[in-house]
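# Fold and contact review
Spelled out, the chains give:
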Amino acid sequence: MIEITDKQILIDGKPQIIMCGEIHYYRLDRSQWQDRIDKLKEAGCNAVASYVPWLCHEEFEGTIDLEGKTRPELDLAGFIDLCAQNDLYFFLRPGPFIMAEMKNEGIPYWVIDKHPDIVPVTWDGKQTLAKTLDYTAPAFLQETKKWYAAVMEVAAPRLQPNGGNIIGVQLDNEVGMLSWVSNCPDLTDHVLNDFTEWLRERYGEEALRERYPFELKGSYSSFRSPEESYVSELHFDLGYFMRHRFAGYIAELRSYAEEFGVKGVPFVVNIHGTGGGRGFTYPIGISQLYESYTQDPGYLSGSDIYFGDLNMNTFQDLYVINGFMDAVHRPEQPLTSVEFNCGDGNFGNNYSGRLDPSASDFKARMCIAQGNRLINYYLMTGGKNYRLSDQRDDGNDRIASTGERHGFAAPISPEGELNYTFPRMARSIQTIMAVSDKLSVMHEERDDVAFAFIPDYYMTEARYPHSSKMKEIYQNIEANRSTAAWENMARAMLLAGYRYGSVDIQNKPVDPAVSSVLAVPSARYMAKKVQLKLADYVTNGGSLVVYGELPAYDMEGKSCRILEETLDVKAANTRLAGPDHHLSVYTDGWAQGRAEVRVHKAQVFELGAQAEPLLRVYGTDEPCGFDTKAGKGRAVVIAAPYPCDPGLFQKALERLGSKPALTNDSKYYGVFMTSTASKEGERFLHILNLDGFDKEIHVYEEGSELFNGRKLELQAKEGVMLPVNVGIGDVTIEYATAEINKINTDSIRFRLTQSEDVIALRTDRKIAPSEEYTVHQENEVTYLFSKKHAKIDDQLTVNFN
């Protein structure tokens with residue numbers, strides 16, 4: 001039995017961490033399956049994941065082969081059973097879309113040939129540029145249902161609740177992504193028929209006549225080629241409808257799976273959106289799909305993480321998007337990552353990508369610390385793309401576009417060789433799995449501040465290309481929602497030591513008693529209801545740090561200054577830098593004493609009586625940042641892209657009542673720290689040295705030094721997960737500067753991290769003497785001091801008699 005509760009995954013009542021590796025069985029000779037499984041197990045994984053490509057299994061209509069009759073490597077049942085024989089769980093990903101560089105994104109050619117009307121048209125009635133289809137077209141759903149019937153016949157008897165090893169089923173793949181990246185929303189007659197009915201249910205006829213100056217029925221050219229007078233209304237209505245449509249599609253797929261016997265396992269919806277090694281656009285995927293995976297119990301969301309290296313440039317991106325995912329979740333839903341990029345980054349097969357070995361290690365450590373319960377390493381192994389029987393003369397006639405080889409960047413190459421990233425990846429998986437029973441029930445400890453998430457700020461997946469109005473709205477929202485706010489405020493908060501989650505301030509209650517301080521990225525546009533919520537929040541005693549601009553309009557461009565009026569200020573203008581104007585701001589009030597800095601814009605204000613200026617524009621002295629009271633609450637507004645200054649943001653947050661509890665004294669910053677804890681008080685400190693040089697730090701909690709005041713040595717690009725008050729049988733690790741990497745009945749193996757590690761234990765068991773450590777007893781605590789330097793030999797086993 002599999003249960004999803006309290007942000008945990010329970011299998012037969014036991015909380016679990018699931019570490020998967022993606023193996024595309026259909027891209028390997030059947031004789032290679034066991035070798036790749038062996039290497040996955042060597043890495044420490046306890047599960048296998050794979051897409052199930054419809055294109056391969058039903059190349060010709062009506063001839064579905066899931067047993068390997070046409071090609072041995074298409075024996076899906078045999079592969080799942082082999083994983084079971086190796087004591088591995090299985091995560092099934094049957095599409096219908098799977099992407100994975102497959103032709104037609106994994107859809108058989110015959111489906112498109114048979115039903116040409118399911119190929120969408122888009123803006124201006126043009127055919128879509130993407131290899132997508134109308135998900136909800138009856139013909140497509142009819143064919144998909146037959147595909148699901150065949151796959152679920154294999155899956156149902158192999159479900160974990162039925163005695164098998166399948167623990168989850170993904171429904172489709174990256175729904176809405178293809179339309180977004182091509183700016184080609186599905187605007188078929190079928191979709192627009194549904195859209196007009198949805199509009200009538202949402203607004204009613206009278207409101208619709210005011211909103212859209214034309215007769216809806218049959219006026220589809222007015223939707224495909226909108227006029228400026230209603231383009232912003234159409235933009236958001238279409239966005240809301242697409243969320244509803246995607247949720248309906250996912251629910252339909254789930255109903256097929258359940259009809260054919262797949263019940264009692266979670267259904268997974270994966271979220272796309274990272275790009276260019278950054279996370280700025282990832283919340284677009286959350287915005288598109290959160291209604292899909294929160295509509296009912298039994299769903300999990302899963303991230304697609306393609307970040308490359310995790311370093312000072314990117315670390316806040318991963319932290320923030322994990323927070324955003326959690327913010328929209330149902331109370332029971334944990335975080336998962338179902339495409340967790342690993343390997344060396346050589347995606348072009350030309351050695352242009354070269355990731356540091358720390359890449360997957362750091363990302364896994366951060367994700368686990370923030371509450372991910374399942375991680376699927378994608379791809380764990382490469383493979384080969386065979387030629388289709390139905391050859392289309394498309395240049396290679398293979399199942400995929402990448403040539404004969406696929407997965408060049410994977411830790412296990414198409415030929416089965418391990419690349420340089422495998423050992424570090426395996427070490428981190430093994431470390432996580434060694435204490436998975438502890439981590440699986442822990443939650444991140446957080447300070448009294450949360451990062452605000454507004455899903456509609458990321459409803460930017462489709463814009464009519466000829467609309468200057470929507471271009472202006474998009475540009476302002478995109479400039480303020482993430483790039484500057486994440487680069488400066490989010491990063492500064494982490495470097496100052498703040499551990500923070502996120503709050504969906506659009507759809508969920510915003511209560512000062514629950515979230516006493518909110519950090520809000522804000523654009524010139526903000527929905528009226530969100531402005532009202534923030535106004536009520538601060539009036540009732542909440543505190544805000546607003547970064548970006550105070551809103552002057554609602555999301556459709558209509559005047560709306562509720563937040564501005566609540567704070568008793570008035571935006572007077574926006575100052576812009578130019579080729580010969582080096583716009584600069586200087587600090588004032590409690591922020592003064594910092595150097596003047598250049599910015600490219602600044603929103604300036606007329607301040608009310610209670611507002612204290614914090615930032616001013618050089619040359620005019622106009623305030624562009626201030627601290628003010630409003631009702632029972634308070635707000636600090638930074639209305640210029642002020643750079644990442646951890647001290648400034650910490651001072652602002654502390655004046656609002658939020659102090660970081662877990663800090664360090666690193667001179668060069670570049671240290672990420674957080675902590676996790678169970679209800680019983682067991683804890684881990686998670687620390688990453690993001691830089692390529694060693695550091696020495698002291699760690700403080702609530703101002704007191706941890707580790708008895710010992711200085712921690714952080715090796716370059718290394719991460720540690722240090723136990724505090726962790727019980728291992730009848731041994732309690734009061735603290736250790738080494739991390740646990742294997743537990744046996746009579747021993748604990750540690751990975752050393754220092755020139756001299758210390759392990760503080762409480763136990764009545766006798767500790768076996770060793771030449772590798774000295775023992776010092778102090779009251780009830782036994783201290784073990786390693787005699788080995790971690791850079792020379794980092795393994796230490798403590799045996800108990």
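First things first, this report covers the structure right here in the doc. Source: prediction; values computed, not measured. (Residues numbered from 1 in each chain as written. Predicted model: local features only at pLDDT ≥ 70, side-chain atom pairs only at ≥ 80, totals over all residues. Heavy atoms only, no water.)

### Some points on the overall build of the protein chain
What counts is decided by this rule: Helix numbers and strand numbers start at the N terminus; a helix is a DSSP run of H or I with at least 4 residues, a strand a run of E with at least 2. The globule rule used here is 2.2 Å times the number of residues to the 0.38 power, and the radius of gyration it is set against is calculated over C-alpha atoms. The cut-offs for exposure are 20% and 50% of the maximum accessible area for each residue type, with area from a 1.4 Å probe on protein chains only; residues under the lower value are buried, those over the upper are exposed, and the others partly exposed. In what follows, residue pairs with any heavy atoms lying within 4.5 Å of each other are defined as contacts. Here the open area of atoms and residues is found with the Shrake-Rupley method and a 1.4 Å probe, where only the protein chains shown may cover a residue. For this count, His and the chain ends are skipped, Lys and Arg are scored as positive, and Asp and Glu as negative. In plain terms, the charge of a residue is placed at NZ if it is Lys, CZ if Arg, CG if Asp and CD if Glu.
Assigned secondary structure in the protein chain consists of 19 helices and 40 strands. Over its C-alpha atoms the protein chain spans a radius of gyration of 28 Å, differing by no more than 12% from the 28 Å that the globule rule assigns to 801 residues. Within the span of the protein chain, comprising 801 residues, buried residues form 64% of the whole. Look at the contacts in the protein chain between residues 6 or more apart in sequence, and 73% of them connect residues 24 or more apart. For the protein chain, the exposed area adds up to about 29000 Å²; of that, 46% sits on carbon and sulfur atoms. On the protein chain, the mean spot of the 83 positive side-chain charges and the mean spot of the 114 negative ones are 2 Å from each other.

### Here's the deal with the sheet that holds strand 18 (residues 543-548)
Two orientations exist for strands paired in a sheet by backbone hydrogen bonds: parallel and antiparallel. Defined as follows: In this analysis, strands are considered paired if DSSP registers two or more bridges between them. Only C-alpha atoms enter the line fits that serve as axes; for helices the fit covers just the stretch in contact. Angles between N-to-C directions range over 0 to 180 degrees.
Within the open sheet, the nine strands sit side by side as 16-15-17-18-25-24-23-20-21. Their pairing is mixed. In the strand order of this sheet, the two ends are held by strand 16 (501-504) and strand 21 (597-598), each with one partner. In the sheet, strand 20 (residues 584-587) pairs with strand 23 (residues 612-617) via three bridges, with the strands oriented antiparallel. Across the sheet, the residue bridging to Val585 is Val617, located in strand 23. Most of the contacts of helix 16 (residues 468-495) go to strand 17 (residues 517-522), to which it runs at about 145°, and overall it touches strand 15 (450-453), strand 17 and strand 18.

### Re the packing of aromatic side chains
Just so we agree on the cut-off: Stacked, tilted and edge-to-face are the three classes applied to pairs of Phe, Tyr and Trp rings, where Trp contributes its six-membered ring and a pair requires centres within 6.5 Å; stacked means planes under 30 degrees apart, edge-to-face means over 60, and tilted covers the rest. Placement of a positive charge over a ring is assigned whenever Lys NZ or Arg CZ falls within 6 Å of the ring centre and within 35 degrees of the normal to the ring plane.
For the coordinates displayed, the defined rule picks out 40 aromatic pairs. Between Trp54 and Trp110, the ring centres sit 6.2 Å apart and the planes meet at 85°, which makes this aromatic pair edge-to-face. Here Trp110 lies in helix 4 (residues 109-114) and Trp54 lies in helix 2 (residues 54-57), a separation of 56 residues in the sequence. A residue is classified by how much of its surface remains accessible, and Trp54, at 0% relative accessible area, is buried. The interplanar angle of 55° and the centroid separation of 5.3 Å between the aromatic rings of Phe195 and Phe241 together place this pair among those described as tilted. You can see Phe195 sitting in helix 7 (residues 189-203) and its partner Phe241 sitting in helix 10 (residues 231-259), a full 46 residues away along the chain. Across this residue pair, the class does not change: Phe195 and Phe241 are buried. Grouped by ring-pair contacts, the aromatic residues Phe280, Phe315, Tyr319, Phe324, Phe451, Phe453, Tyr458, Trp486, Tyr500 and Phe672 constitute a single cluster. The aromatic ring of Tyr299 is capped on one face by Arg254, whose charged end is 4.6 Å from the ring centroid.

### Here we look at the sheet that holds strand 31 (residues 704-705)
Strand order in the open sheet formed by three strands is 26-30-31, and the pairing between neighbours is antiparallel. Among the strands making up the open sheet, the edge pair consists of strand 26 (662-664) and strand 31. Two elements, strand 26 and strand 30 (residues 699-701), share three bridges in a ladder whose sense is antiparallel. Among the inter-strand pairings, Thr663 is bridged to a residue of strand 30, identified as Tyr700.

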